[in-house]
Amino acid sequence: MRYHFRMPSNPITAITFDAGNTLLYCDPSPAEIYAEALSRHGRAVTAGEVEPVFADAWAELQARTPPGIDRYNSQPGGEKQWWGAFLREVLARLEHEAGWRPLLDELYAAFSNPRVWQVYPETRTTLAAIHGRGLEMAVISNWDRRLPEILDGLELSDWFRTITVSASENIEKPAAGIFHRTLERLGVGPEETVHVGDSPLEDYDGSRAVGMTPVLVDRTGIFAGNGYRRIASLEEVLALLD
Ligand SMILES: [Mg+2]
């Protein structure tokens, strides 16, 4: 038995999902999209050069808001300006000469396009199977306000009774409030709900703290041995329900 934790004995009636790197992922990678855009606005850069800078800039922007505080509303001008601040960090670290304003418009449009977002091979079949078992489903995501449109474009929205997005709620995972609001909309209690996500802090610890059953999506096995209830692929959640 690969699972170290038993599921709760009470029946599970609902499953909530994180979005990014849980249900869907970006392909081409964000670094590839940035590298391509930057290269059109000045010095050519490769995704390989952007990748480490991207990670550092992300960490820097994350650090500006404590966990649970909505990052996108923390910035004057809202989510687009949060991405503007992120972009300026990337440009500064690369010492790249591109003007950030036109670049921001371009990148913002690029990531709004559902075509850069791909669903994992097992996403649709797993959601259909869970639906077939009569369980309710919802999304709880630390995303900006564009997520519902992206999920629509990927034809995923209909599976979910509610889609809770941090930028619209003004609160982020791992804060309890974003989980509580979603449970309320689903009309279920935390003890009958599983939350599935790829972030140990935002998804696993956050949902566990409110009494939900957390499941960590760990596709590459990097969290092995850390005591998490892990799945390598979404469909494994079905076995956990049996
Ligand atoms: Mg995620």
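Keep in mind that what you see is a predicted model, and the values were worked out from it rather than measured.

What follows deals with the domain arrangement of the chain. The domain architecture assigned to the chain consists of domain 1 (14-23 + 120-241) and domain 2 (30-116). Here the C-alpha centroids of domain 1 and domain 2 sit 26 Å apart. With 14 residues of domain 1 at the contact, the number on the domain 2 side is ten residues. Listed by contribution, the elements that provide at least two residues to the side of domain 1 that touches domain 2 are helix 6 (147-153) and helix 7 (166-169). Here the residues of the side of domain 1 that touches domain 2 are counted per class, giving seven nonpolar, three polar and four charged.

Counting 59 residues, the largest nonpolar core has Tyr34 and Val90 as its most contacted members. A per-element tally of this core places helix 3 (residues 78-94) first, with six residues. Residues from two domains meet in this core; each of domain 1 (14-23 + 120-241) and domain 2 (30-116) gives at least three. Leaving out residues up to four positions away in the same chain, tyrosine 34 has contacts with Val50, Phe54, Val90 and Leu107.

Another aspect to go through is the sheet that holds strand 1 (residues 14-17). Here we have six strands laid out as an open sheet, ordered 5-4-1-6-7-8, and parallel in their pairing. Each edge of the open sheet is held by one strand with a lone partner, namely strand 5 (162-165) and strand 8 (230-231). Summarising the sheet, strand 7 (residues 213-217) and strand 8 pair through two bridges and their orientation is parallel. Looking at strand 8, one finds that leucine 216 is bridged to arginine 230. Across the face of the sheet, helix 9 (residues 200-209) comes into contact with strand 6 (193-197) and strand 7 while running at roughly 165 degrees to strand 7.

Our focus in this paragraph is the pairing of strand 7. Burial analysis of strand 7 places five of its five residues in the buried class, the great majority of the element. Of the two faces of strand 7, the one carrying Thr213, Val215 and Val217 and the one carrying Pro214 and Leu216 are both buried. Alignment of strand 6 against strand 7, held across four bridges, turns out to be parallel. Within the sheet, the bridge partner assigned to glycine 197 lies in strand 7 and is leucine 216. In terms of handedness, the path from strand 6 via helix 9 over to strand 7 forms a crossover that is right-handed.

This part is about the packing of helix 2 (residues 47-63) against helix 3. Here helix 2 crosses helix 3 at 135 degrees, and the two axes come no closer than 9 Å. If you check the angle between helix 2 and helix 3, you find them oblique. Between helix 2 and helix 3 lies a crossing of right-handed hand. Taken together, the residues of helix 3 that come into contact with helix 2 (itself represented by Glu49, Val53, Phe54, Asp56, Ala57, Glu60 and Leu61) are Ala85, Phe86, Glu89, Val90, Arg93 and Leu94.

Along the chain, the position of arginine 101 falls in helix 4 (residues 100-112). On the basis of neighbour counts, which here come to 10 C-beta atoms within 10 Å, the residue arginine 101 falls in the exposed class. The spacing of arginine 101 and alanine 85 is 16 residues in sequence and 10 Å in space, taken between C-alpha atoms.

Okay, the pairing of strand 4 (residues 136-141) next. In terms of burial, strand 4 is a largely internal element, five of the six residues being buried. Where strand 1 lies against strand 4, four bridges are found, and the strand directions are parallel. Looking at strand 4, one finds that alanine 14 is bridged to glutamate 136. In this sheet, strand 5 lies alongside strand 4 in parallel orientation, the contact comprising four bridges. Looking at the pairing, isoleucine 140 lines up with threonine 164 of strand 5. Handedness of the crossover is the feature at issue here: the chain leaves strand 4, passes through helix 6, returns alongside strand 5, and the resulting connection is right-handed.

Conventions we followed
- Residues numbered from 1 in each chain as written.
- Predicted model: local features only at pLDDT ≥ 70, side-chain atom pairs only at ≥ 80, totals over all residues.
- Domains from an automatic or database assignment.
- Contact = placed C-beta atoms within 7 Å.
- Helix = DSSP H or I, 4+ residues; strand = E, 2+ residues; numbered from the N terminus.
- Nonpolar A, V, L, I, M, F, W, Y, C, P; charged D, E, K, R; others polar.
- Core = buried A, V, L, I, M, F, W, Y, C linked by C-beta atoms within 7 Å.
- Buried ≥ 20, exposed ≤ 12 C-beta atoms within 10 Å, placed from the backbone.
- Pairing = 2+ DSSP bridges.
- Axes fitted to C-alpha atoms, helices over the stretch in contact; angles between N-to-C directions.
- Right-handed = clockwise from strand over helix to strand, strands pointing away.
- Parallel < 35°, antiparallel > 145°, perpendicular 65-115°, else oblique.
- Left-handed = near helix turned anticlockwise from the far one by under 90°.

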